[in-house]
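Read off the chains here:
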Amino acid sequence: MVKKTTIEKLKGGSTATIATCLFKRGLRKQYIHEVKPLGLGKTTMVGQAYTLRYIPAREDLNPIEVFKDPKHLQRLAVEECPKGFVLVIDSRKDARAASAGSILVTRLMKRGVAGIVTDGGFRDSTEIAELDFPSFHRYPSAPTNLTLHQAIAINEPIGCGDVAVFPGDFIVGDDDGVMVIPEHLAEEVAEECVQMTLFEEFVMEKVNEGQTIIGLYPPTDPKTLKDFEDWSSTKS
């Protein structure tokens, strides 16, 4: 059972801070490459991963009529992704055909899903950008997914933007992109992010006051940690 505080703590941090936390633990390949948000300044996206995997489409298996099948896996993923989770789509970094469009993304939003990420592209991208819903892709793409993608599996390990994503991993997205946190590390990373964010707030205040970063960031001067302790006591 995921602690609600884990999600709340991750929402208060940033993907940059998470990247540093994971780097300290030897994890250097958790940033989903070449993926950007549709619309800046939205609420930080945090949720566990529910996955959809595409393989290259074969013409005889992907006529437009396949969408009539109520068990089509793209549609099932949209209807079954749990509330509070993030739908992560493996599109093989191929944005020449859409991974989804505004109708499916709106359905996810209405169902209470936390966001969507693909290493492909979305059609109706302007409409998606206007939704109050975190969405991340490579670039807009008009052609239907059937042109190049066949939905083949849901909620199994995938690759997205060169990152291994396992169902249940924590996905965090903001204006800098998307990070993947292994599920078993989520709580400790979330707690460290809280502490790092607070320290960086202290550092920024000192830098704005004109203080040098030498000895401050990182805090190699013992006085820095004492000053931080005194400063943070006024924040609690």
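Visitor: What is the right way to read the layout of surface pockets from this model?
Guide: Over the atoms rolls a probe the size of a water molecule, and in doing so it shows where empty space is left. Within this model, the largest pocket holds a volume of roughly 240 Å³. Around the largest pocket, the lining is made up of 15 residues, and of these Lys11, Val113, Ala114, Phe133 and Pro134 lie nearest the centre. Within the residue set of the lining of the largest pocket, elements represented by two or more residues are helix H1 (4–11) and strand S2 (45–56). Of the residues belonging to the lining of the largest pocket, the class tally is eight nonpolar, four polar and three charged.

Visitor: When you look at unusual backbone geometry in this model, what are you seeing that I'm missing?
Guide: With an omega dihedral of 5°, the bond running from Tyr217 to Pro218 counts as a cis peptide bond. Among the structural elements, Pro218 can be located in the loop between helix H6 (186–208) and helix H7 (222–233). Phi is positive for Lys93, which is not a glycine, with a value near 60°. Residue classification places Lys93 among the partly exposed residues on the basis of a relative accessible area of 34%. The phi torsion at Asp162 lies on the positive side, around 70°, for a residue other than glycine. Take Asp162: its relative accessible area is 54%, and that puts it in the exposed class.

Visitor: Any chance you could explain the side chain of Ser141 here in plain terms?
Guide: Positionally, Ser141 belongs in the loop between strand S7 (135–137) and strand S8 (149–154). When near neighbours in sequence (up to four residues on either side) are disregarded, Ser141 contacts Ala95, Arg96, Ala97, Ala98, Phe122 and Arg123.

Visitor: What is the right way to look at empty space enclosed by the protein in this model?
Guide: Scanning the model with the defined rule gives two cavities of 30 Å³ or more in all. Roughly 60 Å³ of volume is contained in the largest cavity. Lining the largest cavity we find Pro37, Leu38, Gly39, Lys42, Thr43, Pro134, Ser135, Phe136, Gly173, Asp174 and Asp175. For the lining of the largest cavity, the secondary-structure elements that each account for two or more residues are S7 and strand S11 (170–174). Taken together, the residues of the lining of the largest cavity break down into four nonpolar, four polar and three charged. Of the voids in this model, the second largest cavity is the one considered here, and its volume is about 40 Å³.

Visitor: What am I meant to see in the packing of aromatic side chains here?
Guide: The relative placement of two aromatic rings is captured by the distance of their centres and the angle of their planes. Taken as a whole and judged by the stated rule, the model has five aromatic pairs. Ring centres 5.5 Å apart and planes at 55° place the aromatic pair Phe202 and Trp231 in the tilted group. With Phe202 in helix H6 and Trp231 in helix H7, the pair connects residues that are 29 residues apart, well separated along the chain. Just as Phe202 is buried, Trp231 falls in that class too. Ring pairing ties together the aromatic residues Phe199, Phe202, Phe228 and Trp231, which thus form one cluster. A cation over an aromatic ring shows up here: Arg75 above the ring of Phe67, its NZ or CZ 3.9 Å from the ring centre.

Analysis parameters
Residues numbered from 1 in each chain as written. Predicted model: local features only at pLDDT ≥ 70, side-chain atom pairs only at ≥ 80, totals over all residues. Heavy atoms only, no water. 1 Å grid on protein atoms, 1.4 Å probe; cavity = no way out; pocket = protein on both sides within 12 Å on 5 of 7 lines; lining within 4 Å. Points joined across faces, edges and corners; volume = space filled by probe spheres on them. Helix = DSSP H or I, 4+ residues; strand = E, 2+ residues; numbered from the N terminus. Nonpolar A, V, L, I, M, F, W, Y, C, P; charged D, E, K, R; others polar. Buried < 20%, exposed > 50% of the residue type's maximum accessible area, 1.4 Å probe, protein only. Contact = heavy atoms within 4.5 Å. Phe/Tyr/Trp six-rings, centres within 6.5 Å; stacked < 30°, edge-to-face > 60°. Lys NZ or Arg CZ within 6 Å of the ring centre and 35° of its normal.

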